[in-house]
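Residues per chain are reported as follows:
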Amino acid sequence: MPLTALLAAGFAKEESPKASAKKTNLKDVISLFKSNACRRLLLCDLLLMFGSGVTGGLFLFYFDAVKGYGGLAAALLLIYFIAGLIGAPIWTMIARRWGKHVSLICACIYAAISQPLIMYLPENNFVAAAIGMSAAGIVYTSGAYLLRAMMADIGDEDLLQTGQDRTGLLYAFVTLTGKAGYALAVGVTYVGLGLFGFNSKLGAGNTPEALTGLTFLFIGLPVVVNILGALLLVKYPIDAKRTAELQAAIAAKRDLAEQASGSA
């Protein structure tokens, strides 16, 4: 972390603040929430980050208590995360061809289908389980970066409509919903485990009811939130065509500004 922080500070230069920039107020917040695209995206981010939080929070419990992998559960979790990084270009390719929201819908559907299949992974075959978790993990990072790329499109639309660059405020929104989703996941799932009587100690015995409850939370909740996320994006207003229009309009506006400054 210190190394990457130094690299960022040394090479990721920021532009000087614009003289026309103004402080954010409550009116700005309210106006952005009037955007249909912004509301849909923030709710979708809350749901999908909640699903990711459920998966991350219960993964070790599930693969220890239900599948019996013990300490090897951590290795499966690592494989799951690595698969998410490797799979990122897949969703980028879909986004470039058919649009970011279409790519995210596909990712949500993939997650909703692949999550239940985890129940059928073998209990005593680490290689087979690793292959299965690689397939399931391909979708892991899709929501995090596609949602933020889509928020940038909302920022472009807002810039053209208002003349103000409020990208920072929009990213503050999506950061808030993302962290809220993770926090809710911890609260809901761990309280749920307590209600089902689950013992979280490594290798501890659990009743069939407790294991059923753990399976319900680990498998069922991500499926539900991914389906809801996909439904929210079906009528998402900033599609690939609209994105191209926004980028062309911003480029044309920038060219006019440069011509005006050059002639002056």
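That block above? That's the structure.
Residues numbered from 1 in each chain as written. Predicted model: local features only at pLDDT ≥ 70, side-chain atom pairs only at ≥ 80, totals over all residues. Heavy atoms only, no water.

## Focus: the overall build of the chain
Across its full length, the chain carries 10 helices and 0 strands. When the helices and strands of the chain are placed in sequence order, the string is α-α-α-α-α-α-α-α-α-α. Relative to its full complement of 264 residues, the chain shows a buried share of 39%. The long-range fraction of contacts in the chain, counting pairs at least 24 apart against all pairs at least 6 apart in sequence, stands at 80%. On the chain, roughly 14,600 Å² of surface is accessible, and the fraction owed to carbon and sulfur atoms is 67%. Distance between charge centroids for the chain: 4 Å, based on 21 positive and 16 negative side chains. (Helix = DSSP H or I, 4+ residues; strand = E, 2+ residues; numbered from the N terminus. Buried < 20%, exposed > 50% of the residue type's maximum accessible area, 1.4 Å probe, protein only. Contact = heavy atoms within 4.5 Å. Areas by Shrake-Rupley, 256 points an atom, 1.4 Å probe, with all protein chains shown as cover. Lys, Arg positive; Asp, Glu negative; His and termini not counted. Charge placed at Lys NZ, Arg CZ, Asp CG, Glu CD.)

## Concerning the layout of surface pockets
Think of a ball as big as a water molecule: rolled over the atoms, this probe shows where empty space is left. In this structure, the second largest pocket occupies an estimated 190 Å³ of space. If you list the elements that add at least two residues to the lining of the second largest pocket, you get α4 (72-98), α5 (100-117), α7 (142-162) and α10 (240-263). If you tally residues by element for the lining of the second largest pocket, the top one is α4, at 4 residues. Taken together, the residues of the lining of the second largest pocket sort by class into 5 nonpolar, 4 polar and 5 charged. (1 Å grid on protein atoms, 1.4 Å probe; cavity = no way out; pocket = protein on both sides within 12 Å on 5 of 7 lines; lining within 4 Å. Points joined across faces, edges and corners; volume = space filled by probe spheres on them. Nonpolar A, V, L, I, M, F, W, Y, C, P; charged D, E, K, R; others polar.)

## Considerations on a nonpolar patch on the surface
On the surface, Ile109, Ile113, Leu117, Met119 and Tyr120 cluster together into a nonpolar patch covering about 540 Å² of accessible area. Along the chain, the position of Met119 falls in the loop between α5 and α6 (126-137). (Patch = residues over 30% accessible without salt bridge, like charges linked within 9 Å, V, L, I, M, F, W, Y side chains within 5 Å. Salt bridge = Lys/Arg side-chain N within 4 Å of Asp/Glu carboxyl O.)

## A look at the pattern of salt bridges
According to the stated counting rule, one finds 5 salt bridges in the structure shown. Between Asp158 and Arg166 there is a salt bridge, and its shortest N-O distance comes to 2.7 Å. Arg166 shares its class with Asp158; the two are buried. Via salt bridges that share partners, Glu157, Arg242 and Glu245 belong to a single interconnected network.

## A short note on the packing of aromatic side chains
A full pass over the atoms with the stated rule returns 15 aromatic pairs. Ring centres 6.5 Å apart and planes at 85° place the aromatic pair Phe63 and Phe218 in the edge-to-face group. Here the residue Phe63 occupies a position in helix α3 (residues 36-66), and Phe218 occupies one in helix α9 (residues 208-233), the gap between them amounting to 155 residues. Residue classification places Phe63 among the buried positions, given a relative accessible area of 0%. A connected cluster of aromatic rings, assembled from ring pairs, spans Phe59, Tyr62, Phe63, Tyr69, Tyr80, Phe81, Phe126, Tyr140 and Phe218. (Phe/Tyr/Trp six-rings, centres within 6.5 Å; stacked < 30°, edge-to-face > 60°.)

## Looking at the nonpolar core
The tendency in soluble globular proteins is for nonpolar side chains to be buried as a group. Counting 60 residues, the largest nonpolar core has Phe63, Leu104, Ile118, Met133 and Ile154 as the members making the most contacts within it. Contributions of two or more residues to this core are made by α3, α4, α5, α6, α7, α8 (167-196) and α9. At 14 residues, the largest contribution of residues to this core is made by α3. In contact with Ile154, other than residues within four places in its own chain, are Ala37, Cys38, Leu41, Leu170, Tyr236 and Ile238. (Core = buried A, V, L, I, M, F, W, Y, C linked by side-chain atoms within 4.5 Å.)

## Remarks on empty space enclosed by the protein
A full pass over the atoms with the stated rule returns 1 cavity of 30 Å³ or more. Taken as a whole, the largest cavity holds about 240 Å³ of empty space. In this structure, the largest cavity is lined by 22 residues; those nearest its centre are Ser52, Ala111, Val139, Tyr140 and Asn226. Class assignment for the residues of the lining of the largest cavity results in 14 nonpolar, 8 polar and no charged.

## Some points on the side chain of Asn206
For Asn206, the position within the fold is in the loop between α8 and α9. Among the polar contacts made by the side chain of Asn206, one reaches the main-chain amide nitrogen of Asn199 at a distance of 2.5 Å. Beyond its immediate sequence surroundings of up to four residues, Asn206 is in contact with Ala65, Gly197, Phe198, Asn199 and Leu211. (Polar contact = N/O pair within 3.5 Å; in protein donor to acceptor, adjacent residues only side chain to side chain.)

## A word on the packing of α4 against α7
Here α4 crosses α7 at 35°, and the two axes come no closer than 10 Å. Where α4 crosses over α7, the two elements pack in a sense that is right-handed. Along the contact surface, α4 presents Ala88, Trp91, Thr92 and Ala95, while α7 presents Ser142, Tyr145 and Leu146. (Axes fitted to C-alpha atoms, helices over the stretch in contact; angles between N-to-C directions. Left-handed = near helix turned anticlockwise from the far one by under 90°.)

## Considerations on α5
For α5, with 18 residues, the first-to-last C-alpha span of 26 Å sits near the 26 Å given by 1.5 Å per residue. Among all positions of α5, only His101, Ser103, Leu104, Ile105, Ala107, Cys108, Ala111, Ala112, Ser114 and Gln115 are buried. On its buried face, α5 sits against α3, α4, α6, α7 and α9. (Expected span 1.5 Å × (residues − 1).)

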